[in-house]
Amino acid sequence: MVSIGKPEAGQQLVEHLEIPNGSEYLFVDPENILYDALHLNKGIKETFFSPGTPFAFLDRFTKKDGTKELKEVLSKWSKAFFIPPK
């Protein structure tokens, strides 16, 4: 897993999500170098207001057990909110 942020935040996230040996697979990018080099989407406009977003929601909410995984993941994020460095 590659994550934007400081190593300490990455370690907290792995511990919070209870990922076995998660720190062995976590690579942090505190300066956003990899994220920028790959030209990944960033910002509310490019992600949340993308034309694909409503279709993804529709797919998730209309298929059987489509929200089961989402609910499981979101339930673990109560104390794992991190602000990206950039």
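Data block above holds the structure.
Keep in mind the model is a prediction, meaning the values are calculated, not measured.

(A) Local environment of the environment of Trp-77. Residue placement: Trp-77 occurs in the segment after α5 (68-75). Overall, Trp-77 belongs to the partly exposed group, its relative accessible area being 34%. Separated by 73 residues in sequence, Trp-77 and Ile-4 have C-alpha atoms that sit 17 Å apart. Among residues more than four places away in sequence, those in contact with Trp-77 are Leu-13, His-16 and Leu-17.

(B) Highlighting the packing of aromatic side chains. The final tally for this structure, using the stated rule, is 1 aromatic pair. For the ring pair Phe-57 and Phe-61, a centre distance of 5.9 Å and an interplane angle of 10° mean the geometry is stacked. Taken together, the positions of Phe-57 and Phe-61, both in helix α4 (residues 52-62) and 4 residues apart, correspond to about one turn of that helix.

Rules used in this analysis
Residues numbered from 1 in each chain as written. Predicted model: local features only at pLDDT ≥ 70, side-chain atom pairs only at ≥ 80, totals over all residues. Heavy atoms only, no water. Helix = DSSP H or I, 4+ residues; strand = E, 2+ residues; numbered from the N terminus. Buried < 20%, exposed > 50% of the residue type's maximum accessible area, 1.4 Å probe, protein only. Contact = heavy atoms within 4.5 Å. Phe/Tyr/Trp six-rings, centres within 6.5 Å; stacked < 30°, edge-to-face > 60°.

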